[in-house]
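Structure at a glance
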Amino acid sequence: MNRRHLLLGVSAMALSACSTMRAPRQLGADGRPLPSVYDIGDPAAVQFRILDSANAVRGASGAPALRFSAELNAAAATHSRDMAVQNRPWHFGSDGSSPIDRARRAGYTGTVLGENISETYETEIETFTAWMEQPDTRDVITDPAARDLGFAWYQEPTGKIWWTLLTGDGGSAGPANAPRG
């Protein structure tokens, strides 16, 4: 009986060790790990992680909290998809549109203050961290005049993710982005 328990115990430990072993990550020519596909999971959770992260950083600097804008979210989603179609991260749409144009088309009535973009295989938090490390993209997130946030992405079947973050003033600065006639 003891021998049976011993064999079962050793077998269980061996099986549990096998379940935690992973295949080694493949390395690229530069010695760094090759990207792996990030499973985005729950889209709402991703968006709220970015909102919470932005508001934590803003709170530490005394800036007011941001709230989601459905219009800026729509403009960000449109641009993320369009960057994938163009296969390049840049601030202009395939039709020549600017962040201001896209936000206006989506119905945003405030002033667009900034746009951050990224083409990556990284998670939203890794992308947010990269934005915080650069003064120009950090300024978009921490701008004290910002009140609204738009955040979206498009993930290609290959796993590449195109991220877009927009900030706006919530209409507090007047019709600066109003169509000019």
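Below: a short report on this structure. (Residues numbered from 1 in each chain as written. Predicted model: local features only at pLDDT ≥ 70, side-chain atom pairs only at ≥ 80, totals over all residues. Heavy atoms only, no water.)

**As for the packing of helix α5 (residues 124-133) against helix α6 (residues 135-142)**
Taken N-terminus to C-terminus, the directions of α5 and α6 make an angle of 110 degrees; their axes are 5 Å apart at the nearest point. By the angle between their directions, the pair α5 and α6 is classed as roughly perpendicular. Taken together, the residues of α6 that come into contact with α5 (itself represented by Phe128, Ala130, Trp131, Met132 and Glu133) are Pro135, Thr137, Arg138, Ile141 and Thr142. Its residues assigned to classes, the contact of α5 with α6 shows six nonpolar, two polar and two charged. (Axes fitted to C-alpha atoms, helices over the stretch in contact; angles between N-to-C directions. Helix = DSSP H or I, 4+ residues; strand = E, 2+ residues; numbered from the N terminus. Parallel < 35°, antiparallel > 145°, perpendicular 65-115°, else oblique. Contact = heavy atoms within 4.5 Å. Nonpolar A, V, L, I, M, F, W, Y, C, P; charged D, E, K, R; others polar.)

**Let's talk about helix α3 (residues 70-86)**
Look at α3: 24 Å from first C-alpha to last across 17 residues, which is about the 24 Å you get at 1.5 Å a residue. Along α3, the residues classified as buried are Leu72, Asn73, Ala75, Ala76, His79, Ser80, Asp82, Met83, Ala84 and Gln86. Taken together, the buried residues of α3 touch α2 (43-60), β1 (67-68), α4 (99-105), β2 (112-120), β3 (148-155) and β4 (161-168). Immediately beyond the C-terminal end of α3, within one or two residues, lies asparagine 87, with a positive phi of roughly 60 degrees. (Expected span 1.5 Å × (residues − 1). Buried < 20%, exposed > 50% of the residue type's maximum accessible area, 1.4 Å probe, protein only.)

**Re the pattern of salt bridges**
For the structure shown, the criterion picks out six salt bridges. A salt bridge links arginine 67 to aspartate 148; the shortest N-O distance between them is 2.8 Å. In this pair, arginine 67 is assigned in strand β1 and aspartate 148 in strand β3, connecting sequence segments 81 residues apart. On the basis of relative accessibility, which here comes to 46%, the residue arginine 67 falls in the partly exposed class. (Salt bridge = Lys/Arg side-chain N within 4 Å of Asp/Glu carboxyl O.)

**As for the sheet that holds β2**
What the four strands build is an open sheet, ordered β1-β3-β4-β2; its pairing is mixed. Strands at the two margins of the open sheet, each flanked by one partner only, are β1 and β2. Here β3 pairs with β4 via eight bridges, running antiparallel. Bridge assignment links tryptophan 153 to a residue of β4, and that residue is tryptophan 163. (Pairing = 2+ DSSP bridges.)

**Focus on the nonpolar core**
If you look at the biggest cluster of nonpolar residues, it comprises 19 residues, and the most contacted ones within it are Ile141, Phe151, Trp153, Trp163 and Leu165. The element that contributes the greatest number of residues to this core is α2, accounting for four residues. In this view, leucine 165 contacts Ile50, Gly114, Glu115, Asn116, Trp131, Val140, Ile141, Leu149, Gly150 and Phe151; residues no more than four positions away in its chain are not counted. Ranked by size, the runner-up nonpolar core spans eight residues in total, among them Leu72, Ala76, Ala152 and Leu166. (Core = buried A, V, L, I, M, F, W, Y, C linked by side-chain atoms within 4.5 Å.)

**Details of the side chain of histidine 79**
The residue histidine 79 is located in helix α3 in this model. Dropping the residues within four chain positions of it, histidine 79 is found in contact with Trp90, His91, Phe92, Gly93, Arg102, Glu115, Ile117 and Thr164.

**Points about the environment of proline 64**
Mapped onto the secondary structure, proline 64 falls in the loop between α2 and β1. The exposure class of proline 64 is partly exposed, given its relative accessible area of 30%. Expressed as a C-alpha distance, the spacing of proline 64 and alanine 146, which sit 82 residues apart in the sequence, is 7.9 Å. The contacts of proline 64, once residues within four sequence positions are left out, are Arg58, Pro144, Ala146 and Arg147.

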